[in-house]
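Here's the letter readout for the chains.
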Amino acid sequence: MIPRLAQYFRSRSAVSALEYAAIVGILVVGLATAIGLFRDEITSYLTTVQGKISTMT
């Protein structure tokens, strides 16, 4: 099991998979940070849109 795992990490596909995992991780952290920073703005925007939609019906 361990030799197979070591071979996987030495192979080119493993490097590619790790690179993709790192990119996805960076994107997730970036999105979570942006949502956290702009939470109040997002909430007020959604409240405004909800009010406009409710007056349409």
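Residues numbered from 1 in each chain as written. Predicted model: local features only at pLDDT ≥ 70, side-chain atom pairs only at ≥ 80, totals over all residues. Heavy atoms only, no water.

Asks: How would you explain the overall build of the chain if you had to name every residue and give the values?
Replies: A count of helical and extended segments in the chain gives three helices and zero strands. Its helices and strands in sequence order give the chain the pattern α-α-α, from N to C terminus. Surface summary for the chain: the accessible area is close to 5400 Å², and the carbon and sulfur share equals 71%. (Helix = DSSP H or I, 4+ residues; strand = E, 2+ residues; numbered from the N terminus. Areas by Shrake-Rupley, 256 points an atom, 1.4 Å probe, with all protein chains shown as cover.)

Asks: Talk me through a nonpolar patch on the surface; I want residue IDs and the actual numbers.
Replies: A cluster of nonpolar residues, Ile-35, Leu-37, Phe-38, Ile-42, Tyr-45 and Leu-46, forms a patch on the protein surface that exposes about 660 Å² of accessible area. Of all the secondary-structure elements, those providing two or more residues to the nonpolar patch are α2 (12–37) and α3 (39–56). Counting residues per element, the nonpolar patch draws most heavily on α3, at three residues. Along the chain, Ile-42 turns up in helix α3. (Patch = residues over 30% accessible without salt bridge, like charges linked within 9 Å, V, L, I, M, F, W, Y side chains within 5 Å. Salt bridge = Lys/Arg side-chain N within 4 Å of Asp/Glu carboxyl O.)

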